[in-house]
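Inside the fold
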Amino acid sequence: MSIKAILTDIEGTTSAVSFVFDVLFPYAAQHLPTFVRQHADRSDVAEQLAAVRQDSGEPDADVERVVAILLGWIAEDRKATPLKALQGMVWEQGYQAGQLKGHVYPDAVEALKRWHRAGYGLHVYSSGSIQAQKLIFGCSEAGDLSPLFSGYFDTTSGPKREVQSYQKISQAIGIAPDEILFLSDIVQELDAARGAGMATCGLAREGGRWKGMSRWTVLRESILRSFHPAKKTLRPTRIVARELAPVGLRSSPKKWGSLRDPTGASSLATMFNLVLTDRRHQALW
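This structure is a prediction, so every number in the text was calculated from the model and none was measured.

Here the focus is the overall build of the protein chain. Helix and strand content of the protein chain: 9 helices and 9 strands. Expressed as a percentage of the 285 residues in the protein chain, the buried residues total 51%. Contacts in the protein chain between residues at least 24 apart in sequence constitute 65% of all its contacts with a sequence separation of at least 6.

Pasting the structure below:
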């Protein structure tokens, strides 16, 4: 079947990991304690604080103890649903005050707009809360991108590394799994989506490592501009990678040539693609 919808991750895919770790997380860590203390009796906040107590196994924790638990979870980058919900509330204040602007890669902005014009349904699946997802795209440096999207999914749909989560999302979208293309920079997430029957595509951003394939370091930013979900074609692009040698040994860059349209890919490009994707996921550059 042909692709009808695209489901995309955010961190490391459409947006820089550094934006999350160097901007959003520190902002939440700084402002969340005061926010929780001031709004602990607000119904939506109280609901999440109760969830923190339940998830931490401390049902009698007072507000100060809950704050300490939340700060610990932030430091651990724990994908806890109540933490993500509270972070979203704090970030909303920052976006509304003009203190935060969502980062979205220019090539992602261009691709999302093009895919939307082409009629693909665009959906987001991120460990960040739905509220946080809407803020990143709705208050982005490129303007309000929220009209491009038809739906948002977070960990309330299930963990991102479990097959059942993607099955649930497919049912919610109302499209068969094999008509959905999932984009992510994490192999285990791609494996889960693939297990649910979705088409998958792995991305690696400049300076990042394709998570789950630790033997390879990608030295070039991914390119979304020429990718067509249905045809799965790519503009010829120079790919340079370095295989990580065992400790004590030096490794030198190995050039694998240009990654082309799969119908006319060079043997070197195909080799690079297969190695990086472990023969399961098409690599998007």
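Right, picking up where we left off after that structure.
What follows deals with the nonpolar core. Where a protein is soluble and globular, its nonpolar side chains tend to be buried together. Within the largest apolar cluster, 55 residues are counted, with the highest numbers of intra-cluster contacts made by Leu 70, Trp 91, Tyr 95, Trp 115, Leu 122, Phe 137 and Phe 149. For this core, the element with the highest residue contribution is helix H1 (residues 17-39), accounting for 9 residues. When neighbours within four sequence positions are excluded, Tyr 95 is seen to be in contact with Phe 19, Leu 24, Leu 100, Lys 101, Gly 102, Leu 135, Ile 136 and Cys 139. The next biggest cluster of nonpolar side chains, apart from the first, holds 15 residues, and it includes Ala 5, Tyr 125, Leu 190 and Ala 193.

Right, let's get into the packing of aromatic side chains. Aromatic ring pairs are reported here in terms of the distance separating the ring centres and the angle at which the planes meet. Using the criterion set out here, one finds 5 aromatic pairs in the structure. When the centroid spacing of 4.5 Å and the interplanar angle of 45 degrees are considered together, the rings of Phe 137 and Phe 149 count as tilted. Of this pair, Phe 137 sits in helix H6 (residues 130-138) while Phe 149 sits in the loop between H6 and strand S3 (151-153); the two residues are 12 residues apart in sequence, bridging distant segments of the chain. Between the aromatic rings of Phe 149 and Tyr 152, the centroid separation amounts to 5.8 Å while the plane-to-plane angle is 45 degrees, which identifies the pairing as tilted. Residue classification places Phe 149 among the buried positions, given a relative accessible area of 9%. Grouping aromatic residues by their ring pairs yields a cluster made of Tyr 125, Tyr 166 and Phe 182. Its end group placed over the ring of Tyr 125, Lys 160 keeps NZ or CZ at 5.4 Å from the ring centre.

Averaged over all residues, the pLDDT of the protein chain is 78; the fraction at 70 or higher stands at 72%. When the criterion is pLDDT under 50, residues 214-223 qualifies, and its contacts beyond four places in sequence or with other chains add up to 45 contacts. Throughout residues 233-285 the model reports pLDDT below 50, and contacts reaching past four residues in sequence, or to other chains, amount to 119 contacts.

So, on to the environment of Asp 178. If you trace the backbone, Asp 178 turns up in the loop between helix H7 (163-173) and strand S4 (180-184). With 19 residues separating them in the primary sequence, Asp 178 and Gly 197 have C-alpha atoms 5.4 Å apart.

About the criteria used
- Residues numbered from 1 in each chain as written.
- Predicted model: local features only at pLDDT ≥ 70, side-chain atom pairs only at ≥ 80, totals over all residues.
- Heavy atoms only, no water.
- Helix = DSSP H or I, 4+ residues; strand = E, 2+ residues; numbered from the N terminus.
- Buried < 20%, exposed > 50% of the residue type's maximum accessible area, 1.4 Å probe, protein only.
- Contact = heavy atoms within 4.5 Å.
- Core = buried A, V, L, I, M, F, W, Y, C linked by side-chain atoms within 4.5 Å.
- Phe/Tyr/Trp six-rings, centres within 6.5 Å; stacked < 30°, edge-to-face > 60°.
- Lys NZ or Arg CZ within 6 Å of the ring centre and 35° of its normal.
- pLDDT = per-residue confidence, 0-100.

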